[in-house]
Amino acid sequence: MNFISIADISKEDIQRIFDIADDLKQGRSEIALKEDSVAALIFEKPSTRTRVSFEVAMAQLGGHSIYIDSRTSQMSRGESIADTAKVLSQYVDFIIARLYKHDDIIEFAKNATVPVINALTDLEHPCQALSDLYTIQEVKKKLRGLKLSFVGDIAANTANSLMLAASKMGMEVALVGPKNYMPNTFYFTKAREYSKVGVYDNIKEGVEDSDIIYTDTFVSMGQEAEAEERKKLFAPYQVNKTLVSYAKKDAIVMHCLPAHRGEEITSDVLDGKQSVVWQQAKNKLLIEKAILLYLSEKG
Ligand code: CP
Ligand code: NVA
């Protein structure tokens, strides 16, 4: 089994991963990695959290990891993804990849004979979505019936994965962004099969009664050429004190990080009482361990 897209992961899969995470938290996991397991982390884009937490996850589960900056691999000289996947599968037990094109990770998975994990593509960030939902469940003690407002770049990779994962878990999702800026059609349509998912350009309407306010950068990796244009477009959708005041009094504020203080979120909100961003970052380690164990269990 691979871990590529939330579209391929059921509510039951998510629940099982959360149960494994709960067991890990209590120090009583029944599943273990195969002895001397090795993960290859092949990254085309920068990373702090995902890279370090996966490396620590492998180490703490008794395995090892090898970080490969794709620019220093033969991929940079034209070796195909298919050939790279076949070769890496001869050495390692997991391939964890952060790539630009989502089709490239699908190609990796098609040609690998070991599980492939999506550590972010232009289209999805599924490990992030699961650790985010786990964090919400930790704080709110439930997921079903909660309202999550994703504010800003509602077509970002994080938004795609989170809207679909949240809707599968029975949450309402409000996508709050500029007029005529639409979410990704595939994820939006799919998410609406599971729960109420709406698009709002009016901030007050989109954030009203929300339990969770979520934001991400206005300029994702690979969009640097459009940075100025995007910052201007999304500026009215900054998560600041006023925006947070429209949500429920006990709403929590989330951000996958890295944050651009003063752009998509203000420092007072990011560092404020309602923010759970450090707990959210911490849970990446736990959930990534649970994903590795889940994939081992599935075989
Ligand atoms: N949230 C997240 O994926 O962070 P990194 O880019 O640092 O891995
Ligand atoms: N949307 C962001 C997420 C970073 C973790 C990006 O792709 O750059």
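Bear in mind that the values here come from a model prediction, so they are computed numbers and not experimental data.

**What about the site of ligand 1?**
Point 1. As a structural note, the neighbourhood of ligand 1 is formed by Ser47, Thr48, Arg49, Thr50, Arg98, His125, Gln128, Cys256, Leu257 and Lys284.
Point 2. Ser47 places a polar side-chain atom, nitrogen or oxygen, 2.6 Å from an oxygen atom of ligand 1.
Point 3. Between Thr50 and ligand 1, the recorded distance is 2.7 Å, taken from a side-chain N or O atom to an oxygen atom.
Point 4. Look at ligand 1: alone it shows 250 Å² of surface, and the protein chains cover 95% of it.
Point 5. Considered class by class, the residues forming the shell around ligand 1 number 2 nonpolar, 5 polar and 3 charged.

**Digging into the site of ligand 2**
Point 1. In the vicinity of ligand 2, the residues found are Leu120, Asn157, Asp216, Thr217, Ser220, Met221 and Leu257.
Point 2. Measuring from a nitrogen atom of ligand 2, one finds a side-chain N or O atom of Asp216 at 2.6 Å.
Point 3. The backbone of Met221 places a nitrogen or oxygen atom 2.8 Å from an oxygen atom of ligand 2.
Point 4. Here ligand 2 loses 94% of its free accessible area of 270 Å² to cover by the protein chains.
Point 5. Split by residue class, the shell around ligand 2 holds 3 nonpolar, 3 polar and 1 charged.

**Things to note about the packing of aromatic side chains**
Point 1. Tallied over the entire structure, the rule returns 6 aromatic pairs.
Point 2. Pairing Phe150 with Tyr214 gives two aromatic rings, centres 5.3 Å apart and planes at 20°, and the pair type is stacked. With Phe150 in strand β5 (residues 147-151) and Tyr214 in strand β8 (residues 212-215), the pair connects residues that are 64 residues apart, well separated along the chain. Each member of the pair Phe150 and Tyr214 is classed as buried.
Point 3. Here a set of aromatic residues connected by ring pairs shows up, and it is made of Tyr181, Phe218 and Phe234.
Point 4. Cation over ring: Arg51 sits above Tyr67, and NZ or CZ is 3.5 Å from the ring centre.

**Describing the sheet that holds strand β9 (residues 252-255)**
Point 1. Read across the sheet, 5 strands follow the order β7-β6-β5-β8-β9 without closing on themselves; strand pairing throughout is parallel. In this open sheet, the two strands that pair with only one neighbour each are β7 (197-200) and β9. For this sheet the average axis-to-axis angle between neighbouring strands, irrespective of direction, equals 20°.
Point 2. Pairing analysis gives 5 bridges linking β5 to strand β6 (residues 172-176), with the strands arranged parallel. Its bridge partner lying in β6, Lys147 is registered against Glu172.

**So, the packing of helix α3 (residues 81-91) against helix α4 (residues 102-111)**
Point 1. At a minimum axis distance of 8 Å, the contact between α3 and α4 shows a crossing angle of 45°. In terms of orientation, α3 lies oblique with respect to α4. Crossing geometry of α3 relative to α4 is assigned as right-handed. Contacts between α3 and α4 pair Ile81, Ala82, Thr84, Ala85, Lys86 and Leu88 from the former with Asp104, Glu107, Phe108 and Asn111 from the latter.
Point 2. Of the residues contributing to the contact of α3 with α4, the split by class is 5 nonpolar, 2 polar and 3 charged.

What counts, and where the lines are drawn
Residues numbered from 1 in each chain as written. Chains lettered and ligands numbered in written order. Predicted model: local features only at pLDDT ≥ 70, side-chain atom pairs only at ≥ 80, totals over all residues. Heavy atoms only, no water. Near = heavy atom within 4 Å. Polar contact = N/O pair within 3.5 Å; in protein donor to acceptor, adjacent residues only side chain to side chain. Areas by Shrake-Rupley, 256 points an atom, 1.4 Å probe, with all protein chains shown as cover. Nonpolar A, V, L, I, M, F, W, Y, C, P; charged D, E, K, R; others polar. Phe/Tyr/Trp six-rings, centres within 6.5 Å; stacked < 30°, edge-to-face > 60°. Helix = DSSP H or I, 4+ residues; strand = E, 2+ residues; numbered from the N terminus. Buried < 20%, exposed > 50% of the residue type's maximum accessible area, 1.4 Å probe, protein only. Lys NZ or Arg CZ within 6 Å of the ring centre and 35° of its normal. Pairing = 2+ DSSP bridges. Axes fitted to C-alpha atoms, helices over the stretch in contact; angles between N-to-C directions. Parallel < 35°, antiparallel > 145°, perpendicular 65-115°, else oblique. Left-handed = near helix turned anticlockwise from the far one by under 90°. Contact = heavy atoms within 4.5 Å.

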